[in-house]
Each structure stands twice: as structure tokens, then as C-alpha cells.
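Reading the structure
Given next are the chains, with one letter for each unit.
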Amino acid sequence: MFYRDRKEWADLEPVPQDDGPNPVVKIAYSEKFSDVYDYFRALLKKDERSDRAFALTAEAIELNAANYTVWHYRRVLLQALQKDLREEMRYITDIIEEQPKNYQVWHHRRMVVEWLNDPSEELEFIADILSQDAKNYHAWQHRQWVIQEYKLWDNELEFVEKLLEEDVRNNSVWNQRHFVISHTTGYSSPAILDREVQYCLNQIRKAPHNESAWNYLKGILQDRGMSSHPGLLEQVLELKETHCSPYLLAFLVDCYEDALENNNQKETLNRALEVCEYLAQEKDTIRKEYWLFLQRSLESRFGPSFDPTVNYCAVYY
Amino acid sequence: MNAPEKVLEEFEQIDFLRDRHVRFFQRTLQVLPERYASLETTRLTVMFFAVSGLDVLDALDVIDRNNMIEWIYSLQVLPTEDQSNLSRCGFRGSSHIGIPYSVKGPGVLHPYDSGHVAMTYTGLTSLLILGDDLSRVNKQACLAGLKALQLEDGSFCAVPEGSENDIRFIYCAACICYMLDDWSGMDIQKAIEYIRGSMSYDNGFGQGAGLESHGGWTFCAIASLCLMGRLEEALSQRELDRIRRWCIMRQQSGFHGRPNKPVDTCYSFWVGATLELLDVFQYTNYEKNRNYILSTQDRLVGGFAKWPDSHPDPLHAYLGLCGLSLIGEPNLRKVHPALNITQRAFQHLQQLQQTWRDNAGTCT
């Protein structure tokens, strides 16, 4: 039954949308939709704080869960009417399960968790959402917020390992791994760093064509000296024979570049230039022009001071 | 090196259906069916996609610019008589709150009426694209509204009532300040700190500190720094090189937004524009990029979708066109990679800003 026909709502004058004489991007709403929102707008105008208003917000949300004004008004009512926040958690759980890629619903959940100061359901809830879409950005964002806010670090590395076993190529999980370790043990201790390096290499042996693993490896070493980690270059050169990939080769170039910065040797430069050539011509041809550009840059930075074949007009970057 | 003209000759077999796209945007600007209800509060951004899309297609003549300009101005949240709502000023996304239509002030007092940072941004860009001179924009009110949205950590919320806060809204804020030629609306230093803090271990940018790096957020980071004129102050050469590498690895055929995710037409712009701002877009593979974007073209209704054989939508239609513009597709206007409007609209902005500066000099 339309709100306009309900006698308990007769005291309210519905407020239509007014786009003027030339509406743009107008959405053609059904009568039912307009009816609900005309009454929503009426409540909003008077800033009514009542149970009927609260009930109507649920209907408005069902029709458009992306309307942030409806969510804000609902929060105002939750507080003004001292509504049961546990029940609200159940409500928002259902909505997020239905619409897990909506910004407003996650923000609302965060607010309710904060008001309750109770994160106890969060990790399990988020795990459930991730079981349906393991890369849902909102879910990971909410998870990081909960963990950091309420210091729930203890079991997260275990969670990460479990998900990496399910899909070692899930970039969101590798990111979470870095998040957990950098906020707990950190990477400064040689034992941890070495553990992580070996972990990466093991995952690469299992699935060589995995940019996420290589990005993680480079990420944890790039400011600690890629070429100075004991035995790493040798391990990578070994892997090159049996588990090659564009990512391995790019990593190799970066190792050589790091080595050159500390000790400019012609032999090292030649190896770096060779790998760039190999990438450009054979192993990563989609980025051919980039690898050739990188080759020129390395030559210009580390090569002999004058080389007639180098174009000095090409700016380094 | 890519010689775009020669390369395009060779692979023009996939044809670009210009007229279909013009009609797609025209229809977008008219009426959308109810299943688009979730776009209600963001209708102004949808208008931006269509209007800027038509500009890229050099087809703005098919619409009534003046009527559209009026509609945009009706969305401006203006100061009330007593100016008590200054921190809530800006532009609305639509008429969804129910304020009666009006293109001039003073503002109407309403407990829940306020601007939204992404709508203020797309409202201003749309006005510029349509040729307006922004003379009816209350610039000081917009900037006051913007200032109220920045948090201690440098990021922005979308609305004064509160919302999630992240790097998207820093980008919107940077665009607003850039267009209004007035950076008093934001604390640049704090924003730069937030942006730097969003850089991931893998050298892309996430939505905030600790979050997974992503093509869209990387665009927001780099484009914001470029608009602020602080790119090389905020990031070292080494960091810039690492960011270049992260971005260029996103090309698979078209581009994806995160490692090990499928490609999606819109990243041809988000990542493509970022690469252009970093001077290395020229080293990408134009042919594969173009082939992918065109494979997502809807040959019947026009527009582009994220994937082939999927439904087109205004966002992907617009960004698909921008992606093609970046590689030099013939008959498409060039796009300013940071501000995301055509160079033509950008020149209009520059002329306007020159006028403002001249007037400021001669004003009493």
C-alpha cells in the first residue's frame, strides 16, 4: 500500500524531487519508488525522529542502498531512538551479504561496530564475504581497519597462509601478509627477512608466473639492498633455468641495478642490458619499448662516459 | 618506438562506431530506467561522463548546453541568508533531498542539505566543458565546504555529515582547487603526507596506508600531485621509476587494476593517464590496448563495457574513449591526463583563470 494512502501518514505532505524544466540524467521511477522517497524527503525536511521514520529508511535502503543520505538519517535515528545496535548488526550483515561492493553499507557497519565497541564478529564475517569474492577491496579495507583499531593481529598471519594455499596468486592476500608482518614483527630482523624471502621463493617454485609473489619479494628487499641479501642472486639465477617469467627477469634487472649503484662494474651492466634485451625481444614483448627504454637508461647512468651510439638527448626518465 | 599513425593504419579493422557512442551519451543525458536507481545521488557524475564523452567525440553540438548549465547550477548548495551553512556548501549530486529547483541564492535552510566533494568536482568540470564561465559559482563557499571535509591525516570525506575517507576525495579536492585556482581549500602538505603514506611495498598506491595498490588509486595519487605541482617534490626519482614500473606492468592486453586480476576497459584510462603523466605511456603497446578497448565496444547500443560481451555503462563508455584518445585514435579530442577533461575545455579554463587574475589586479 502506498504511503500516500496510509492514514497514519496523512499528517505528512510528500515532497517530490524537483529537477526543474530540463532535468538531466533523469531516472524513471515507478510509482512505488517515488512514493517511498517522497515520504522520505518529507521526513528529512522536518528531521522527524520516530519509529515510523526508522522503518521507512529500511524501505528506502531496499530500493537504493547507495543513497548515503538515507544511511546518515538512519544513523541519526538509531541514536535518537536508542535502537538495538545488535539488531542493527544483524541487519547490516544481511545487506552487505547482498551488496558487498557498496561503499555506504561498509561505512555503516564500521559506525555500528564503533558505537558497540565490539569487533568480535568482524573477522568471521569478513572471512565469509571473502569466501564469496576473495579480492573484495571493501572487505579487505574493513578487515585492516578492525585489526588495526582493535589490535586483532594474533591469528591474521595464519589466515593469510590459509588463503595463499587456496590461491597463491591472490594479490590482496600478499598485501595482507605485508600488512600483518610490517605491523607486528617488522622485517628488520635477518631471521624474519630470510624466512619471508624463502617463503616467496617456495611459492614461486610452485607457481612461477605470479607477479604478486615477485612484487612482495622485491618490496621487502628494495630498500634493504636487493643485491646484498646472501645467496639470493644465485637462487634467482637457478630459478631462471626452470621457473622463468617476466617477473623473475625484471627482478634480476633490479638486482643488477642495485649492484651497480654500489659498485659500477662493466660485467654487471652487461648482464643487466642483456636481460633487458631478452625481455624486450622474447619474454615480455608487450613491454618491448619500456625494456628498451630501461636499457638505454641503465647504459646512460652506468655506461662509459662517452658512447657515440647513445643518444644523450634522451632524458634519463 | 610506437609511431601511432602508422600502427593505427595497420589495425583499423576493428571499427570505432562514433555515431553509436554519440547516441549512447545522448540517451544517458535524457532518461535512465529505474534499474539505475543506485546512481541517483551521483547523477552529476553520470552527466560529466556523458558531457565530457561528447566533448572527446567533438559532438557537444547535439545537446542543449544552456539548459544543462541551468540544471547544474540548480544543484549548487549556496550559503543561506545568515551564512550558517558555509561548511556545507558545494554541489549536490542530484535533487534527491527535495530542495525546490532554484538556480540562484540565497540557499535554503535544510537540516540535511550539503554538497558532496565528487559532485562539486564534476559540477565544475561539467560547467567548464559546456562553456560556462563559472561566474555563478560561489567560489568562497565551495572552498569553505571543501576545507570542512579534510581530516587530520590529510585525506578527505565526501560530505560534512561524515563518510568514508580516502584518496579518491583528495583527487576531487585537488581538481576543485586547481579549477578555482585557489588552494586555500586544502592543506596541501597533509594531503601529500596521506598520498605518500598510501604507497604500497609494491610501489603502486592503495586507497590508504596498508591497502592494496590499485590502478584507480594510483591515478588519484599521481594526478593529485601533478595538479598540486608537487610531483617531484613529493616523490624521489627512484620512487617515480618504481611507480612507472608498477604501472607499466598493468598492461596485459588492455590494462587491469591490480596484479592477477582481469583487464577492464576503464584502466586503459586510469593507468594510461598515470603513465602519460609519468612520461612513459609512449612505451606501452598501443595496438593491444586499442584492440582490447574496442573488443568491449557495444556495437548495438554504443558505449563500452568493462569486459567484452557485457553491458555498457556511462563510466566505461567515457573512460574507454579517453583510453583511445590517449593512444591517439583519430577524430577524438586530446584529454588532459590529470584533470580528465579535453585539452579544449582545459584551454577554456586557462583563459578564464587569466581573466580572473587580470580582474583581481584591476579590482578596487
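Per an unreviewed UniProt entry, chain B goes by the name Geranylgeranyl transferase type-1 subunit beta and belongs to Myripristis murdjan. One UniProt comment on chain B, placed under Subunit (unreviewed entry), says "Heterodimer of FNTA and PGGT1B. PGGT1B mediates interaction with substrate peptides." Here chain B is described in UniProt, under the heading Catalytic activity (unreviewed entry), as follows: "geranylgeranyl diphosphate + L-cysteinyl-[protein] = S-geranylgeranyl-L-cysteinyl-[protein] + diphosphate".

The name given to chain A in an unreviewed UniProt entry is Protein farnesyltransferase/geranylgeranyltransferase type-1 subunit alpha, with Myripristis murdjan as the source organism. According to its UniProt record, chain A has this under Cofactor (unreviewed entry): "Mg(2+)". The Sequence similarities (unreviewed entry) comment attached to chain A in UniProt states, word for word, "Belongs to the protein prenyltransferase subunit alpha family."

**Notes on the overall build of chain A**
The helix and strand tally for chain A stands at 15 helices and 1 strand. Taken over C-alpha atoms, the radius of gyration comes to 29 Å for chain A, far larger than the 20 Å a tight globule of 317 residues would show. In terms of overall dimensions, chain A has a C-alpha envelope of 90 × 50 × 30 Å along the principal axes. The buried share of chain A, reckoned over its 317 residues, is 53%. Pairs at least 24 residues apart make up 60% of the contacts formed inside chain A by residues separated by at least 6 positions. For chain A, the exposed area adds up to about 14800 Å²; of that, 48% sits on carbon and sulfur atoms. One way to put it: in chain A the 37 positive side-chain charges average out to a point 2 Å from where the 54 negative ones average out.

**Re the interface of chain A and chain B**
Contacts between chain A and chain B engage 68 residues on the former and 73 residues on the latter. Together, the buried faces of chain A and chain B total about 6600 Å²; carbon and sulfur atoms form 50% of this surface. Applying the counting criterion to the chain A and chain B interface returns 5 salt bridges. The salt bridge involving arginine 43 of chain B is made with aspartate 19 of chain A; its shortest N-O contact spans 3.1 Å. Considered class by class, the residues forming the side of chain A that touches chain B number 30 nonpolar, 20 polar and 18 charged. Bridge count between strand 1 (residues 26-28) of chain A and strand 1 (residues 31-33) of chain B: 3 bridges; the pairing is parallel. Bridging from a neighbouring strand, alanine 28 of chain A pairs with proline 33 of chain B of strand 1 of chain B.

**Focus on the pattern of salt bridges**
In total, this model carries 44 salt bridges over all chains according to the counting rule given. Shared partners join several salt bridges into a network, and the residues in it are Asp11, Lys46, Glu48 and Arg52 of chain A.

**Quick notes on the UniProt feature "domain: Prenyltransferase alpha-alpha toroid" (unreviewed entry) in chain B**
The positions UniProt marks with the feature "domain: Prenyltransferase alpha-alpha toroid" (unreviewed entry) are residues 16-341 of chain B. Helix makes up 45% of residues 16-341 of chain B and strand 4%. Its end C-alpha atoms lie 21 Å apart.

**Remarks on the packing of aromatic side chains**
In this structure the tally under the stated criterion is 34 aromatic pairs over all chains. For the pair phenylalanine 40 of chain A and tyrosine 73 of chain A, a centre-to-centre distance of 5.9 Å together with 70° between the ring planes defines the contact as edge-to-face. In this pair, phenylalanine 40 of chain A sits in helix 1 (residues 31-46) while tyrosine 73 of chain A sits in helix 3 (residues 68-80), placing the two residues 33 residues apart along the sequence. Taking 5.3 Å as the distance between ring centres and 50° as the angle between the ring planes, the aromatic pair formed by tryptophan 214 of chain A and phenylalanine 251 of chain A counts as tilted. Placement of tryptophan 214 of chain A in helix 11 (residues 211-221) and of phenylalanine 251 of chain A in helix 13 (residues 246-262) is noted, with a sequence separation of 37 residues between them. The same class applies to tryptophan 214 of chain A as to phenylalanine 251 of chain A, namely buried. Ring-pair connections join several aromatic residues into one group, and the members of that group are Phe48, Phe49, Tyr121, Tyr171, Phe219, Phe269, Trp270 and Tyr318 of chain B.

**Brief notes about the nonpolar core**
Residues Leu29, Met47, Phe91 and Leu235 of chain B are the most contacted members of the largest nonpolar core, which totals 222 residues. Residue contributions to this core peak at 12 residues, all from helix 7 (residues 167-180) of chain B.

**Observations concerning the packing of helix 9 (residues 171-183) of chain A against helix 11 of chain A**
Between two packed helices, the angle of one axis relative to the other and the distance separating the axes together describe the packing. Residue and element names in this part refer to chain A. One can describe the packing of helix 9 onto helix 11 by two numbers: an axis separation of 9 Å at closest approach and a directional angle of 25°. Classified by the angle between their axes, helix 9 and helix 11 sit roughly parallel to one another. Here the hand of the crossing between helix 9 and helix 11 comes out right-handed. Listed contacts from helix 11 to Asn171, Trp174, Arg177, His178 and Ile181 of helix 9 are Ser212, Ala213, Tyr216 and Ile220. Residue composition of the contact of helix 9 with helix 11, grouped by class: 5 nonpolar, 3 polar and 1 charged.

**What about the environment of aspartate 284 of chain A?**
Summarising the element assignment, aspartate 284 of chain A is placed in the loop between helix 14 (266-283) and helix 15 (288-302). Judged by relative accessible area, aspartate 284 of chain A falls into the buried class, the value being 5%. If we skip the residues at most four places from it in the chain, aspartate 284 of chain A touches Pro246, Leu279 and Trp291 of chain A together with Met249 of chain B.

**Looking at the state of the cysteines**
All names here are of chain B. In the structure shown here, the tally under the stated rule is 0 disulfides over all chains. Note on cysteine 142: no disulfide assigned, nearest cysteine sulfur contributed by cysteine 89 at a separation of 7.4 Å. Unpaired in this structure, cysteine 226 has its nearest cysteine sulfur neighbour in cysteine 175, at a distance of 11 Å. What makes cysteine 226 partly exposed here is its relative accessible area of 25%.

How each quantity is defined
Residues numbered from 1 in each chain as written. Chains lettered and ligands numbered in written order. Predicted model: local features only at pLDDT ≥ 70, side-chain atom pairs only at ≥ 80, totals over all residues. Heavy atoms only, no water. UniProt positions renumbered as here; feature names shortened; annotations may be inferred. Helix = DSSP H or I, 4+ residues; strand = E, 2+ residues; numbered from the N terminus. Rg over C-alpha atoms; globule rule 2.2 N^0.38 Å. Buried < 20%, exposed > 50% of the residue type's maximum accessible area, 1.4 Å probe, protein only. Contact = heavy atoms within 4.5 Å. Areas by Shrake-Rupley, 256 points an atom, 1.4 Å probe, with all protein chains shown as cover. Lys, Arg positive; Asp, Glu negative; His and termini not counted. Charge placed at Lys NZ, Arg CZ, Asp CG, Glu CD. Buried area = accessible area lost by both parts, 1.4 Å probe. Salt bridge = Lys/Arg side-chain N within 4 Å of Asp/Glu carboxyl O. Nonpolar A, V, L, I, M, F, W, Y, C, P; charged D, E, K, R; others polar. Pairing = 2+ DSSP bridges. Phe/Tyr/Trp six-rings, centres within 6.5 Å; stacked < 30°, edge-to-face > 60°. Core = buried A, V, L, I, M, F, W, Y, C linked by side-chain atoms within 4.5 Å. Axes fitted to C-alpha atoms, helices over the stretch in contact; angles between N-to-C directions. Parallel < 35°, antiparallel > 145°, perpendicular 65-115°, else oblique. Left-handed = near helix turned anticlockwise from the far one by under 90°. Disulfide = S-S within 2.5 Å.

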